[in-house]
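# Examination of the molecular architecture
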Amino acid sequence: MTTGIDIGLIIGLIIGMTGGIVNLHPIDESMKINWQQQGEKGAQNVALKVERKKYTKRDLSLIFKVVSTCNLACRYCDADIYSNRRMSLDMVSQVIAKSLDYVDRVELIWHGGEPLLMGIQFYEKVVELQKRYKREGQTIKNNLQTNGTLISQEWVDFFKANDFHVGVSLDGPPEVHNETRVFRNGQGSFEQVMRGIRLLRENGVNFGVLAVITKETMRLGAKRFLDFFIENGIFSIGILRQKPALNIGRTDALPREEFEKFAIELFDYWYSLDDPRIKIRELDAILSRILGARGGACIFSGDCVGKYLGITPVGDVYHCDEFMFDERYKLGNIREQTFEEVLNPMNPKLIRIRLEDLETKKSINCKYSKICNYGCPKDRYVLSRVYNEEGTCGWCNVIDHIYKRVMKDLGKIKE
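Within every chain, residues take consecutive numbers counted from 1 along the sequence as written. With pLDDT at 70 or above as the cut-off, local features in this predicted model cover only qualifying residues; side-chain atom pairs require 80 or more to be listed or tallied, and sums for whole chains, interfaces and linings still use all residues. Water and hydrogen atoms play no part in the side-chain values, which are based on all heavy atoms of the structure.

Another point: the sheet that holds strand β12 (residues 308–311). Any two strands with at least two DSSP bridges between them are considered paired. Think of it this way: any DSSP run of H or I at least four residues long counts as a helix, any run of E at least two long counts as a strand, and we number them from the N terminus. Strand order in this open sheet of 10 strands is β11-β10-β9-β8-β7-β6-β5-β12-β13-β14, and the pairing throughout is mixed. Because the sheet does not close on itself, it has two edges, and the strands there are β11 (279–280) and β14 (330–333). Bridging between strand β5 (residues 59–65) and β12 involves four bridges; their strand directions are parallel. If you follow L62 over to β12, its bridge partner there is L309. In this description, contact between two residues means that some pair of their heavy atoms is separated by no more than 4.5 Å. Where helices are involved, their axes are fitted lines through C-alpha atoms of the stretch in contact, as for all axes, and angles between N-to-C directions lie from 0 to 180°. Across the sheet, helix α3 (residues 120–133) touches β6 (105–111), β7 (139–146) and β8 (164–169), and the angle it forms with β6 is around 170°.

As structure tokens, this is what we get:
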């Protein structure tokens, strides 16, 4: 009986887990794979045996949704801000302990809602837990994403003392930011965010900003957008296209073509400044990929399935926090399982997600796919399922423009 499943593909997926889920490097023995196919056309009875001896386990990124509520009511946000689900310290303790049993390097990303609503005492205890479970040779990196309105001197002192990198959501000058990033009473949050950023900068805290690109940003223009950040001493910037908030049924978003137009204009202006202080995360990553280096943005990292995990307050584990709206992307629960079990290559949920990821990649026939690595799975999900638009990662025209500009400057192609 044929199953309709490409067994060879599944075998390749399982073997590929060594790079995709967590980097596994054999120390003293290589992986031995014995498999047998029976039947005239094969793929009928397949036995797969994976014998592994001793491996070093490298890194994992965990996105903690520590609280669902927020003190803002941003008009494009997909968070359920009127609920108040919070992660307990017991849950945090289990996640940290089990992750350090599984990997040598772990990146912990503290997210919400608004994660600062948990209070400083919560994070002080988080740091204590990290020290308790961390073994010699292991490293822990803490990142926290905040709307910036609650940052105080006390918070800044904590971030600096404990080496937290802080990401602040700031969409641009007040005429852009205050259109969407508002308090529940409708008042814009720009002044409060800028106050927090000044505290971070004046105290030497490592920080950057994330800007959602909206219709208001388009009206402002790429030059004025970047000039605003430079004038305010902000040199590390990430850009995110406004996307549909699928979990709450909101489909309004910035069309892909408009975002690509903005990103191209932004690149041209940024490139012309030739200022090494200014880092635009996504554009830097594209340049790095073009020049053969590894890009620093997860959306261009390639096989991210099982490498970036979202953790809910009750311990549910998802393939990235971007997929928490879809139960089909839930891999397990860390209260009930270990990471070894959740990320087991034979976990049928993980196999299904990887097969679906490969299926969406098949529709992309682009000469730049080795640069973008087919882009972010969530972007492909939205483009195909919401807009019936397949065959693009959402960055094709931007990459084409940057590639030609760089190759021209390198003298490899003519005007």
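Once the structure has been displayed, the description carries forward.
Time to look at helix α15 (residues 396–409). Expected helix span is taken as 1.5 Å per residue step, with the number of steps being one fewer than the number of residues. Taking 1.5 Å per residue, 14 residues should reach 20 Å; α15 reaches 20 Å between its end C-alpha atoms and fits that length. Categorising residues by exposure relies on relative accessible area from a 1.4 Å probe, with only protein chains included: less than 20% of the type maximum marks a residue as buried, more than 50% marks it as exposed, and the intermediate range marks it as partly exposed. Here α15 has its buried residues at C396, V398, I399, I402, V406 and M407. All buried residues of α15 fall inside an arc of 155° around its axis, so they share one side. Looking at the buried positions of α15, the neighbouring elements they touch are α9 (256–273), α10 (281–290) and α13 (369–372). A positive phi of about 75° marks G411, the residue just after α15. Think of the arc as the fan of directions from the helix axis to the C-beta atoms.

Below, the discussion takes up the packing of α10 against α15. Here α10 crosses α15 at 55°, and the two axes come no closer than 10 Å. Looking at the two axes, α10 sits oblique to α15. When the axes of α10 and α15 are compared, the crossing they make is right-handed. Taking contact as the criterion, the partners of L283, I286, L287 and I290 in α10 are, on α15, V398, I399, I402, Y403, V406 and M407. The classification used treats Ala, Val, Leu, Ile, Met, Phe, Trp, Tyr, Cys and Pro as nonpolar, Asp, Glu, Lys and Arg as charged, and all other residues, Gly among them, as polar. For the contact of α10 with α15, the residue count by class is 10 nonpolar, no polar and no charged. To sort the angles, those under 35 degrees are grouped as roughly parallel, those over 145 as roughly antiparallel, those from 65 to 115 as roughly perpendicular, and the leftovers as oblique. The hand of a helix crossing depends on one turn: near helix anticlockwise from the far one by less than a right angle means left-handed, and clockwise means right-handed.

Take the nonpolar core next. In these notes, a set of buried Ala, Val, Leu, Ile, Met, Phe, Trp, Tyr and Cys residues joined through side-chain atoms within 4.5 Å is what counts as a nonpolar core. In terms of nonpolar packing, the biggest core is built from 107 residues, with L62, W110, F159, L170 and W395 touching the most fellow members. A total of eight residues in this core trace back to one element, the largest contributor, which is α9. Apart from residues no more than four positions distant in its own chain, F159 is found in contact with L116, L144, F164, V166, L200 and V205. Formed by eight residues, the second largest nonpolar core is a distinct cluster that contains C70, L72, C74 and F183.

Any two cysteine sulfur atoms lying within 2.5 Å of each other are counted as a disulfide. With the rule as written, the count across this model stands at zero disulfides. We note that C70 lacks a disulfide partner, and the nearest cysteine sulfur, in C74, lies 6.1 Å from it. Assessed through its relative accessible area of 11%, C70 is described here as buried. Free of any disulfide, C376 has its nearest cysteine sulfur in C298, 6.4 Å distant.

So, about the packing of aromatic side chains. Paired rings are identified among Phe, Tyr and Trp, the last through its six-membered ring, by centres lying within 6.5 Å, and are further divided according to the angle between planes into stacked (under 30 degrees), edge-to-face (over 60) and tilted (the rest). The final tally for this structure, using the stated rule, is 19 aromatic pairs. For the ring pair Y123 and W155, a centre distance of 5.8 Å and an interplane angle of 65° mean the geometry is edge-to-face. Placement of Y123 in helix α3 and of W155 in helix α4 (residues 153–161) is noted, with a sequence separation of 32 residues between them. For the pair formed by Y123 and W155, the shared burial category is buried. Between F158 and F159 the ring centres are 6.1 Å apart and the planes differ by 65°, which places this aromatic pair in the edge-to-face class. For the pair F158 and F159, one class covers both residues: buried. An aromatic cluster is present here, built from F64, W110, F122, Y123, W155, F158, F159 and F164 joined pairwise through their rings. Only when the NZ of Lys or the CZ of Arg is both within 6 Å of the ring centre and within 35 degrees of the ring normal is a charge said to sit over the ring. Stacked on the ring of Y329, the Lys or Arg R352 has its end atom at 5.5 Å from the ring centre.

This brings us to the confidence of the model for the protein chain. pLDDT expresses, on a scale from 0 to 100, how confident the predictor is about each individual residue. When pLDDT is averaged along the protein chain, the result is 84, and 84% of the positions lie at 70 or above. Low pLDDT, under 50, characterises residues 1–55; the predicted model gives this stretch 91 contacts beyond four residues in sequence or across chains.

Turning our eyes to something else, we now look at the pattern of salt bridges. Each reported salt bridge corresponds to a side-chain nitrogen of Lys or Arg within 4 Å of a carboxyl oxygen of Asp or Glu. Following the criterion strictly, the structure yields 23 salt bridges and no others. We note a salt bridge from K65 to D321, for which the minimum N-O separation is 3.5 Å. Note that K65 is positioned in strand β5 and D321 in the loop between β13 (316–319) and β14, a separation of 256 residues in sequence. Of the residues examined, D321 reaches a relative accessible area of 17% and is grouped as buried. R352 is the partner of E356 in a salt bridge, and the nearest nitrogen-oxygen pair spans 3.4 Å.

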